[in-house]
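Here is what each chain is made of, one letter per residue.
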Amino acid sequence: MEMGSGVNMDLQEDSGRLGSLPVTTSRNMSSSSSAFFSANQSPFFSPRSSTCQFSESTRSDAQCDSINLSADPPSSSSGIRGPEFLANSQFDLSDMSLKPTACLSSDFQKFDHVVSNGSLPSFGHVGDNGYYDLIAKHRKHMRSHDMSFSPVPISLSSNRHKSYDIYIGLHGRKPSLLRFSNWLRAELEAQGMSCFVSDRARFRSSRKHVLIEKAMDVSSFGVVILTRKSFKNPYTIEELRFFSSKKILVPIYFDLNPGDCLVRDIVEKRGELWEKHGGELWFLYGGLEKEWKEAVNGLFRVDEWKLEAADGNWRECILRAVTLFAMRLGRRSVVERMMKWREKADKEEFPYPRNEKFIGRKKELSELEFILFGDISGESERDYFELKARSKRKNLTVGWSKGSSVEERFGRRQWESGSRKGKEPVIWKESEKEIEMQSTERQHYQKPKGGGWNSRRKKLAKIVYGKGVACVTGESGIGKTELLLEFAYRYHQRYKMVLWIGGESRYIRQNYLNLRSLLEVDIRVENCIDKSKTKSFEEQEEVAISRVRKELMRNIPFLVVIDNLESEKDWWDHKLIMDLLPRFGGETHILISTRLPHVMNLEPLKLSYLSAAEAMSLMQVSVKDYPIAEIDALRIIEEKVGRLTLGLAIVGAILSELPINPIKLLDTINRMPLRDISWSGREAQSLRKNTFLLQLIEVCFWIFDHADRPRSLATRMVLVSSWFAPASIPVSLLALAARKITEKHKRTCFWRKLLCSLTCGFSSSYSKRSEAEASSMLLRFNIARSSTKEGYVHFNELIKVYARKRGTTGFAHAMVQAVVSRGSLSLHLEHIWAACFLLFGFANDPIVVELKVSELLYLVKEVILPLAIRTFITFSRCSAALELLQLCTNALEVADQAFVTPVEKWLDKSLCWRPIQTSAQLNPSLWQELALSRATVLETRAKLMLRGAQFDIGDDLIRKAIFIRTSICGEDHPDTISARETLSKLTRLLANVQTHT
């Protein structure tokens, strides 16, 4: 195709002088030696089109990532190059910068009607023609130094749109600038505003410049992103003058402020900013002084639009720009949607408030920034002392597991069709100068003779910089969550939102799907079912996950934080956690904390202990001038506590809250007796080695008991918290569970009972006051931490492990009672699941809590059935919901079997003439209610089996339910009739399946 070859020459010409415009929206990029060309490397952004479709056999995964046809809502005005153009184009990636960040694709095809009609844009009203003659001369001069090319005829369809809402002009290849412009474009298009984005200095073709100028002419607003280098660029000056003359100029000052952009300061090189980048800049491109000054002075005539994009306010700048454009364009629905999103983000973005007493970790924070972004800026650059020395590394294979979704595998095959050798894995190769992705043959490793598999794994696992994924490892209590939280707060303005996910293996999938509300994604099972074809339960779950993942793979940046990742595999179906995550290398970054030595073949950033000075500062919160003897005692405490941040924080809290010195505290801890506890499990083993930390926790319990009374509410709240889910716990629910624990050896005399009866009206207010006091005590002594949700607290995993070992199963029973009686599916979903784990014994877990029949019936009706239906319908977690109902059925059958078992009493044995009765005979109404409850669960399971095409299993379940209801209620009861209707539907569908097979 002539068009493809001509543009290829143009692009090669551009890359020869200025290099390519870098991109990071896709990790499936070809190497510098590959002939594969992606739309990502084109110097334009391309708005998306709902009418333009790629051929399924030729479009690549990289193209899909760049254009976002599947992820983003379609724009009203768009045009995209065809696959033939992409297939016949070549591009050299050898000049790519270390941190690719922009996603640009060409828009000039939209103006075929302009080219075919011979009409060119008119800029005469901007100024005299001499200025544009200089621009043309400048282009010709630059083309003369590059390779020549032949004109390219453009043949385009007639359905292209004639206008844009916003034109965005930029100049430069700085990674942060490209990331910002990419985000701005994606956010505007996501809200339905068409955009045209261009760095005009990168083009040599006059045809392209004509088309870009036409785009400027037909845009409603002109955004010019200004940097300190922009004033050297003739095209930026041209854009400023043009849009200023039409009074539609919207300047965005990137790492600048309006007060810096004064003509005299720039020309005279005044100040540190313009000492290097200032001067008589119009001479650099052969321009005119008058027009250059006119363009710069025009910035001060723009009063309403004052947008500044500093390193700490990207999000605010972009959201303000989107809101202002929506208001000017009359998009009130967009303004309302943005306001609602802001309110939701303020409430739900972070799980915990920022730790104002955060100490140290400057090097770790800077290294995390380098790993995720590929560069360091601002104060972090000064804080960053030295990265780990890196020698030449071998290729690191990062692939998708066999459990990847159908959509992901299909997208991978599309990309592979454009690679050199068909189906080859994507690998990351890190060199000393740059990090790039290239395809290579799969390497088959054999077991080494000397070092074993562990040594081979260590050689394979390397830190990958600039690819948007980082992993932090360290033992429990060392401060991994604090580090991730500080990083999220420090850099949250570089992302649209921070998405925090608990990484515990039983809850990580539910936590991941909970992002649906923040991302505004519909994953309900009815929307995941293809009406033309019934999908299996596994396929429906994959569709729900892929919808969340697809939203994270758009060009809008998110920070996904997975805190405390327990395993690389999901607890429910043993699939890799990597299947949940978006592909690495895009705009969304992933930050993981774990105790695992390796995650996804990546070498984690191993978190070390705080320095001696930082540890001392953490313990000396209030008093800083201790005598030498006291300082020595603090050092001893630091060593004995294992230098864990958790222990140091508790010590500092005790010293600040109580009138006690370090020497006395050390003596108190050493004399505190320990309980005899049997240890098992990985977390328990780490506690068993650190007995001093356990004694320190016991000291806190002693303080709580001394402040209130033996077995104080605060102590019981800690002990019962160990049975809750690893999430923030409402204080009211925690206190309710703590009060349900019966105290041993409790003696209540008559006058105390009388006093309680007389003051029962004040018990509610006293209860709330005691809850507040107990939770405040836990927070002050750093046993718990506060949550951004009002009235919630969170406990460290080490605290919960010790509390579970120290307590008894009575605490578990109290937790279940509190959750069942006061729990809410919308507010306490994780804790209701935790109660189910204790009640039914999933997998090989033992049943910890056993309920009476009356309690079980209430549980099934009020908790289990609503939980299963919500899990299945709302979150498309089909397997988890069905397993829950299966275990519930088993529990009901066990209870029913106990009812029909004869009950022997000592009185019955003495009276031989009295027949032995069963519980069903003694309490027939309760037995009937139990049987009907079992029938309801069976019918619910049968209806759910319909959605997964498991008609034979559903047929068997519904027949059992009909038998029970017919025996108790009769043939004509509405519930029996409803069950028979379900049976007829199952029978009909099963017959259809058997006929077709």
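Residues numbered from 1 in each chain as written. Predicted model: local features only at pLDDT ≥ 70, side-chain atom pairs only at ≥ 80, totals over all residues. Heavy atoms only, no water.

As for the pattern of salt bridges
For step 1, the next point in the chain: Inspection of every chain in the model, using the stated rule, returns 40 salt bridges.
For step 2, the next point in the chain: Linking Glu-289 and Lys-293 is a salt bridge whose minimum nitrogen-to-oxygen distance equals 2.6 Å. With Glu-289 and Lys-293 both in helix H11 (residues 289-297), this residue pair falls 4 residues apart, about one helical turn.
For step 3, the next point in the chain: Residue classification places Glu-289 among the partly exposed residues on the basis of a relative accessible area of 37%.
For step 4, the next point in the chain: One salt bridge connects Glu-657 with Arg-780, and the closest N-O pair in it is separated by 3.2 Å. Linking Glu-657 in helix H25 (residues 645-657) with Arg-780 in helix H32 (residues 763-780), this pair joins segments that are 123 residues apart in sequence.
For step 5, the next point in the chain: Its relative accessible area of 35% is what places Glu-657 among the partly exposed residues.
For step 6, the next point in the chain: The exposure class of Arg-780 is partly exposed, given its relative accessible area of 38%.
For step 7, the next point in the chain: What emerges from the salt-bridge pattern is a single network uniting Arg-200, Glu-213, Glu-238 and Glu-239. (Salt bridge = Lys/Arg side-chain N within 4 Å of Asp/Glu carboxyl O. Helix = DSSP H or I, 4+ residues; strand = E, 2+ residues; numbered from the N terminus. Buried < 20%, exposed > 50% of the residue type's maximum accessible area, 1.4 Å probe, protein only.)

Concerning helix H29 (residues 713-721)
For step 1, the next point in the chain: Of all 9 residues that make up H29, 9 are buried, and the element is covered over most of its length.
For step 2, the next point in the chain: Every buried residue of H29 is accounted for by Leu-713, Ala-714, Thr-715, Arg-716, Met-717, Val-718, Leu-719, Val-720 and Ser-721.

Here's the deal with the sheet that holds strand E14 (residues 729-730)
For step 1, the next point in the chain: If you walk across this open sheet you meet the 3 strands as E14-E16-E15, and the pairing is antiparallel. Unpaired on one side and paired on the other, E14 and strand E15 (784-786) mark the two borders of the sheet.
For step 2, the next point in the chain: Two elements, E14 and strand E16 (residues 792-795), share 2 bridges in a ladder whose sense is antiparallel. From the neighbouring strand, Pro-730 faces E16, where its bridge partner is Tyr-792. (Pairing = 2+ DSSP bridges.)

Focus on unusual backbone geometry
For step 1, the next point in the chain: Phi at Asp-255 takes a positive value of approximately 55°, unusual for a residue other than glycine.
For step 2, the next point in the chain: Inspection of the secondary structure puts Asp-255 in the loop between strand E4 (249-254) and helix H9 (263-267).
For step 3, the next point in the chain: Of note, Ala-843 is a non-glycine position whose phi angle comes to about 55°, a positive value.
For step 4, the next point in the chain: Positionally, Ala-843 belongs in the loop between helix H35 (829-840) and helix H36 (853-873).
For step 5, the next point in the chain: On the basis of relative accessible area, Ala-843 is assigned to the exposed category, the value being 55%.

Details of the sheet that holds E4
For step 1, the next point in the chain: Spatially, 5 strands are ordered E2-E1-E3-E4-E5 in an open sheet, and the strand pairing comes out parallel. Of all the strands in the sheet, just strand E2 (195-198) and strand E5 (307-309) have a single pairing partner and so form its edges. Each adjacent strand pair in this sheet contributes to an overall mean axis angle of 20°, direction not counted.
For step 2, the next point in the chain: Summarising the sheet, strand E1 (residues 164-169) and E2 pair through 4 bridges and their orientation is parallel. Its bridge partner being in E2, Ile-166 is matched across the sheet by Cys-195.
For step 3, the next point in the chain: Strands in contact with helix H7 (residues 206-217) are E1, E2 and strand E3 (219-226); relative to E1, the strand with the most contacts, it is inclined by about 125°. (Axes fitted to C-alpha atoms, helices over the stretch in contact; angles between N-to-C directions. Contact = heavy atoms within 4.5 Å.)

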